[in-house]
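# What the coordinates show
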Amino acid sequence: MSSLFVTEKTVAEMLGRSIAWLRSNAHTLEQTTGFPKIDPVVGKRHREAIEVWARERNVRSVACLSEQDETNSENEDAF
């Protein structure tokens, strides 16, 4: 069973990053992307909030790429 709240080490692993990277970038992520903050009572981050954050960012990234595909046509004659 997965814990509801996770340590920074686990958060870093979820993101595919090192704990040092997370510590260096957490504040910026929180401020610029809405990355879930550490719960002040528990002292850890909420696992599902991180998963939702990542899914929403992925959906926005895919939507941006789709919009680019519609406006940027590829020159197939260049091949």
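Residues numbered from 1 in each chain as written. Predicted model: local features only at pLDDT ≥ 70, side-chain atom pairs only at ≥ 80, totals over all residues. Heavy atoms only, no water.

## Brief notes about the side chain of glutamate 30
Examined against the element boundaries, glutamate 30 turns out to sit in helix α2 (residues 19-33). You can call glutamate 30 buried: its relative accessible area is 16%. At 2.9 Å, the side chain of glutamate 30 and the side chain of arginine 45 are in polar contact. Excluding residues that lie within four positions of it along the chain, glutamate 30 makes contacts with Phe35, Pro36, Lys37, Ile38 and Arg45. (Helix = DSSP H or I, 4+ residues; strand = E, 2+ residues; numbered from the N terminus. Buried < 20%, exposed > 50% of the residue type's maximum accessible area, 1.4 Å probe, protein only. Polar contact = N/O pair within 3.5 Å; in protein donor to acceptor, adjacent residues only side chain to side chain. Contact = heavy atoms within 4.5 Å.)

## A word on the nonpolar core
Soluble globular proteins tend to bury their nonpolar side chains together. Of all hydrophobic cores here, the largest spans 9 residues; its members are Val6, Val11, Ala12, Leu22, Ala26, Leu29, Phe35, Ile50 and Trp53. The set of elements that each furnish at least two residues to this core consists of α1 (8-15), α2 and α3 (47-71). Per-element tally for this core: the top contributor is α2, with 3 residues. (Core = buried A, V, L, I, M, F, W, Y, C linked by side-chain atoms within 4.5 Å.)

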